[in-house]
Amino acid sequence: HCVQIIKYPHPTLRYKSKPLKRVDRELKEMIAEMFDLMYTHDGLGLAANQVDLPYRVFVMNVKDESGDGQERVFINPVISRKSGQAEESEGCLSFPEIYAPVRRPERIVVSAYGLDGREFSYAMDGLYARAVQHEVDHLDGVLFIDRLSPANQLAIREDLDDLVREFESSRRLGAIAGDEEIAARLAGLESVRT
Ligand code: ZN
């Protein structure tokens, strides 16, 4: 296997994943590949749905104020204690070159399990609070375009239409499986680890 980033409107981006119960060596390898892809594409975070996997996990490199990065795997993340509101521009590796302002809570607390099975939690604000909310949305099949104001939705509509056309043409060429085949594959993977 070799994971790859899927683009809108691939159906796996709408998949709501169930909590992971089992983390095995193969999953750890996929997670290592997710970090590689995230760095290759200069992303801040990457969710399993974005690499066509039905698992409740995302990866992120969390930098502190000194700029030192720490790789974090967020398994079964839960957001609590949301406060404030902020609107900032967001993008997504599954929507290349599309950016739009999204309104979200400004501060959150996120708890999750790491690959070592230990629970951890972070109080976050600003960029990372936004990024974590964006990634947890992915695990619920929610995309940042769902959270845009009507005016901002309209502003990116043509760019979305382009992505839809690209997707349809890849599908016609056989590069992307049909919906039923994708659903069967996700169900099979899910049954092993959740
Ligand atoms: Zn995204």
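Use the structure listed above.
Bear in mind that the values here come from a model prediction, so they are computed numbers and not experimental data.

(A) Region of interest: the pairing of strand β6 (residues 107–113). The element β6 is largely enclosed, with a buried count of 5 among its 7 residues. As defined by bridge partners, strand β3 (residues 69–83) adjoins β6 across 5 bridges and the pair is classed as antiparallel. Bridge pairing links I75 to Y113 in β6. Relative to strand β7 (residues 119–125), β6 runs antiparallel, the two being bridged by 7 bridges.

(B) Highlighting the coordination of the zinc ion. Those protein atoms acting as donors to the zinc ion are C92 (SG), H134 (NE2) and H138 (NE2), and they sit at 2.0 to 2.2 Å. Written as a sequence motif, the donor residues of the zinc ion are C-x41-H-x3-H. In this pair, H134 and H138 are both assigned in helix α2 (residues 126–139), 4 residues apart and thus about one turn of the helix distant. Given the relative accessible area of 7%, H134 is considered buried. For H138, a relative accessible area of 1% translates into the label buried.

(C) Structural view of the pairing of β7. Of the two faces of β7, only one is covered, namely that formed by F120, Y122 and M124; the face formed by E119, S121, A123 and D125 stays uncovered. Taking the residues between adjacent antiparallel strands as the criterion, β6 and β7 are bridged by 5 residues, where G117 takes a positive phi near 85°.

(D) Expanded view of the nonpolar core. The biggest cluster of nonpolar side chains holds 18 residues, and the ones touching the most others in it are I31, V57 and V59. Broken down by secondary-structure element, the contributors of at least two residues to this core are α1 (25–40), β2 (57–63) and β3. Top contributing element to this core by residue count: α1, with 7 residues. Apart from the residues lying within four places of it in its own chain, the contact partners of V59 are I31, M34, F35, M38, L44, G45, L46, R72 and V73. In terms of nonpolar packing, the next biggest core, distinct from the first, is built from 17 residues, F58, V110, Y122 and V132 among them.

(E) Up close: the pattern of salt bridges. For the structure shown, the criterion picks out 17 salt bridges. For E166, the salt bridge goes to K7, with nearest N and O atoms at 3.9 Å. One end of the pair, E166, is in helix α4 (residues 157–172); the other, K7, is in the segment before α1, and 159 residues separate them in sequence. Judged by its relative accessible area of 43%, E166 is partly exposed. Ionic pairing is found between R104 and E90, a salt bridge with its closest N-O pair at 2.7 Å.

(F) Summary view of the packing of aromatic side chains. Using the criterion set out here, one finds 7 aromatic pairs in the structure. Ring geometry for F58 and F74: centres 4.4 Å apart, planes at 10°, overall stacked. In this pair, F58 sits in strand β2 while F74 sits in strand β3, placing the two residues 16 residues apart along the sequence. You'll find F58 and F74 in the same group, each marked buried. Seen from their ring centres, F74 and Y122 are 6.3 Å apart, and the 40° between their planes marks the pair as tilted. Residue F74 is located in strand β3, and its partner Y122 is located in strand β7; the two are separated by 48 residues in the primary sequence.

About the criteria used
Residues numbered from 1 in each chain as written. Predicted model: local features only at pLDDT ≥ 70, side-chain atom pairs only at ≥ 80, totals over all residues. Heavy atoms only, no water. Buried < 20%, exposed > 50% of the residue type's maximum accessible area, 1.4 Å probe, protein only. Helix = DSSP H or I, 4+ residues; strand = E, 2+ residues; numbered from the N terminus. Pairing = 2+ DSSP bridges. Donors = N, O, S within 2.8 Å, 3.2 Å for Na, K, Ca; no water. Core = buried A, V, L, I, M, F, W, Y, C linked by side-chain atoms within 4.5 Å. Contact = heavy atoms within 4.5 Å. Salt bridge = Lys/Arg side-chain N within 4 Å of Asp/Glu carboxyl O. Phe/Tyr/Trp six-rings, centres within 6.5 Å; stacked < 30°, edge-to-face > 60°.

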